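# Report on the structure
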Amino acid sequence: MINFCCSKCGQAYRVSDKYAGKRVKCKDCDQVNTIAQPENEMLGNGDSITAYNNLLKELAKAEKLEPAVENKH
């Protein structure tokens, strides 16, 4: 799913990925908007925090799996 807002009035929409690259008319103000191509993972504010926390968990797992490297001079 792709989230976007009307460039004129700010009305929020959520549409299927099949509309990527298509032009659509806002139901509120009739502004024509082009829907962006979806990225690998579109992140909203709450989603970005979740993604960040998941990344931290993955890094912590990787640190546990790999041996510690000490620099001896």
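Our structure is the block above this text.
Here's what I pulled together on the structure shown here. (Residues numbered from 1 in each chain as written. Predicted model: local features only at pLDDT ≥ 70, side-chain atom pairs only at ≥ 80, totals over all residues. Heavy atoms only, no water.)

Let's shift gears to the overall build of the protein. When helices and strands are tallied, the protein shows 1 helix and 4 strands. The secondary structure elements of the protein, listed N-terminal to C-terminal, are β-β-β-β-α. When each of the 73 residues of the protein is scored for burial, the buried share is 11%. Summarising the internal contacts of the protein: among those between residues at least 6 apart in sequence, 15% fall at separations of at least 24. (Helix = DSSP H or I, 4+ residues; strand = E, 2+ residues; numbered from the N terminus. Buried < 20%, exposed > 50% of the residue type's maximum accessible area, 1.4 Å probe, protein only. Contact = heavy atoms within 4.5 Å.)

Turning to the pairing of strand β2 (residues 12–15), a few remarks are in order. Sheet analysis places strand β1 (residues 2–5) next to β2, joined by 4 bridges and oriented antiparallel. The partner of N3 across the bridge, within β2, is R14. Between the antiparallel neighbours β1 and β2 lie 6 residues, among them G10 with a positive phi of about 85°. (Pairing = 2+ DSSP bridges.)

A separate point is the environment of G10. Mapping G10 onto the fold places it in the loop between β1 and β2. Separated by 16 residues in sequence, G10 and C26 have C-alpha atoms that sit 9.5 Å apart.

Another aspect to go through is the environment of D30. Summarising the element assignment, D30 is placed in the loop between β3 (23–25) and β4 (32–34). In this structure, the C-alpha to C-alpha distance between D30 and C9, residues 21 residues apart in sequence, is 9.5 Å.

Scanning the entire structure with this criterion turns up 1 aromatic pair. Considering the side-chain rings of F4 and Y13, the 5.4 Å spacing of their centres and the 20° angle between planes classify their relative orientation as stacked. Judged by its relative accessible area of 14%, F4 is buried. (Phe/Tyr/Trp six-rings, centres within 6.5 Å; stacked < 30°, edge-to-face > 60°.)

Moving on, we come to unusual backbone geometry. A positive phi angle, close to 70°, is found at D30, a residue other than glycine. Given a relative accessible area of 51%, D30 falls into the exposed group.

What follows is about the state of the cysteines. By definition, a disulfide links two cysteine residues through a covalent bond between their sulfur atoms. Applying the stated criterion across every chain, the model contains 0 disulfides. With no disulfide of its own, C9 lies 3.7 Å from the sulfur of C26, the closest cysteine sulfur. Assessed through its relative accessible area of 39%, C9 is described here as partly exposed. Residue C26 is classed as buried on the basis of its relative accessible area of 2%. (Disulfide = S-S within 2.5 Å.)

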